[in-house]
Amino acid sequence: MYDPTHLRTFLAVAQTLSFTQAARRLGLRQSTVSQHVRRLEDATGRQLFTRDTHAVELTEDGEAMLGFARRILRVHEQATAFFTGTRVRGRLRFGASEDFVLTRLPEILEGFRHDHPEVDLELTVELSGTLHEQLAAGKLDLVLAKRRPQDPRGELVWRDDLVWIGAERLRLDADRPVPLIVYPPPGITRARALEALEREGRAWRIVCTSGSLNGLIAAARAGLGVMAHSRHLIPPGLFRLPDRAGLPDLGKVDFVLVHGRRRDTAEEAADALAAAVLAGGERLRQRGD
């Protein structure tokens, strides 16, 4: 009833909230992406997206289809692998940014290991900037991280707003420097926060530096200051600061998959894990248990 090709296109649009970005990811024309979505909507008898010239959003039925599409595609891929006898093997060095510590990324990795038991998966969790450096040095095969400024590489998993967050009762004094909670260099959100404040001529001071997301969260919950963070990944106990706080806009942030130098033993495994992350991308915006 539901064509796997149409389901993959649907997931790409749902994760990027852009028909243009989905077309680039899939190597299709934008008209083809629209056609796939329309045919899936015809098959379900429901509207899956609301769209205008400015934005694409999932409908309630579209949100429901996310889970169904992911499960259908996973079973489809398992059946294909079983009957074709393909077995992915090799050592795969995978890097994931600190942003995903509290998400359901472990569920995606667990499913990947179940489907590909002969892959020796090594996981590195680090700052996005550090992961990009390790990838360039040949120490990693695949990275899931924020896109670096002016770096066109990487397959878009999803695009999100970068926002200011802090404790619910935190109040900023407009006459005093903005208290910042940041990752150390080469943290990408750190650089974005400092650039935005400098651009607006706002004074700032760093009140906490930590390479651990949990360390930053603890400082923010204690009311020490504010931090820049992805809107869909705001940790429990922290809140987006309202516009009246007067902080500058931080723009968008892209989360991307970037492949390293191809190693024969890792290429197929990296492609398989990248496909699993893209298929389950919406779970990366959900907190784990």
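You'll find the structure just up there.
Because the structure is predicted, anything quoted here is derived from the model rather than measured.

## Some points on the overall build of the chain
Alright, step 1. Regarding its fold elements, the chain presents nine helices and 11 strands.
Alright, step 2. A compact globule built from 289 residues would reach a C-alpha radius of gyration of about 19 Å, and the chain, at 20 Å, matches this within 12%.
Alright, step 3. Seen along its three principal axes, the alpha-carbon backbone of the chain occupies a region of about 65 × 45 × 35 Å.
Alright, step 4. Taken across its 289 residues, the chain has 48% of its residues classed as buried.
Alright, step 5. A sequence separation of at least 24 residues applies to 77% of the contacts in the chain between residues at least 6 apart.
Alright, step 6. Separation of charge centres in the chain, based on 42 positive and 39 negative side chains, amounts to 1 Å.

## Some points on the layout of surface pockets
Gaps left between atoms are located by rolling a probe of water-molecule size over the structure's atoms.
Alright, step 1. Size it by volume and the largest pocket reaches roughly 740 Å³.
Alright, step 2. Along the wall of the largest pocket there are 29 residues; nearest its centre are E77, Q78, A81, D115 and H116.
Alright, step 3. At nine residues, the largest contribution of residues to the lining of the largest pocket is made by helix α4 (residues 60-84).
Alright, step 4. Here the lining of the largest pocket is built from residues that sort into 10 nonpolar, 10 polar and nine charged.
Alright, step 5. Of the voids in this model, the second largest pocket is the one considered here, and its volume is about 610 Å³.
Alright, step 6. When residues of the lining of the second largest pocket are traced back to their parent elements, those giving at least two are α1 (4-16), α2 (19-26), β2 (56-58), α4 and β6 (155-166).
Alright, step 7. Considering only residue class, the lining of the second largest pocket consists of seven nonpolar, eight polar and 10 charged.

## Remarks on the nonpolar core
Alright, step 1. L144, W164, L273 and L284 are the most contacted members of the largest nonpolar core, which totals 43 residues.
Alright, step 2. Here the element with the most residues in this core is helix α9 (residues 264-279); it accounts for seven residues.
Alright, step 3. Filtering out sequence-adjacent residues up to four positions away, L284 remains in contact with F100, T103, L105, I108, L144, V157, W158, L233 and V277.
Alright, step 4. F10, A12, V33 and M65 belong to the second largest nonpolar core, which has 20 residues in total.

## Overview of a nonpolar patch on the surface
Alright, step 1. On the surface, a cluster of nonpolar side chains totalling about 220 Å² of accessible area is made up of V101, L123 and V125.
Alright, step 2. In this structure, V125 sits in strand β4 (residues 119-126).

## Remarks on the packing of α1 against α2
Alright, step 1. Across the interface, α1 lies against α2 with an axial gap of 8 Å and an inter-helix angle of 130°. Considering the angle they form, α1 stands oblique to α2. Of the two elements, α1 crosses α2, and the hand of that crossing is right-handed. Across the interface between the two elements, R8, T9, A12, V13, Q15 and T16 of α1 pack against F19, Q21, A22, R25 and L26 of α2.
Alright, step 2. For the contact of α1 with α2, a count of residues per class yields five nonpolar, four polar and two charged.

How each quantity is defined
- Residues numbered from 1 in each chain as written.
- Predicted model: local features only at pLDDT ≥ 70, side-chain atom pairs only at ≥ 80, totals over all residues.
- Heavy atoms only, no water.
- Helix = DSSP H or I, 4+ residues; strand = E, 2+ residues; numbered from the N terminus.
- Rg over C-alpha atoms; globule rule 2.2 N^0.38 Å.
- Buried < 20%, exposed > 50% of the residue type's maximum accessible area, 1.4 Å probe, protein only.
- Contact = heavy atoms within 4.5 Å.
- Lys, Arg positive; Asp, Glu negative; His and termini not counted.
- Charge placed at Lys NZ, Arg CZ, Asp CG, Glu CD.
- 1 Å grid on protein atoms, 1.4 Å probe; cavity = no way out; pocket = protein on both sides within 12 Å on 5 of 7 lines; lining within 4 Å.
- Points joined across faces, edges and corners; volume = space filled by probe spheres on them.
- Nonpolar A, V, L, I, M, F, W, Y, C, P; charged D, E, K, R; others polar.
- Core = buried A, V, L, I, M, F, W, Y, C linked by side-chain atoms within 4.5 Å.
- Patch = residues over 30% accessible without salt bridge, like charges linked within 9 Å, V, L, I, M, F, W, Y side chains within 5 Å.
- Areas by Shrake-Rupley, 256 points an atom, 1.4 Å probe, with all protein chains shown as cover.
- Salt bridge = Lys/Arg side-chain N within 4 Å of Asp/Glu carboxyl O.
- Axes fitted to C-alpha atoms, helices over the stretch in contact; angles between N-to-C directions.
- Parallel < 35°, antiparallel > 145°, perpendicular 65-115°, else oblique.
- Left-handed = near helix turned anticlockwise from the far one by under 90°.

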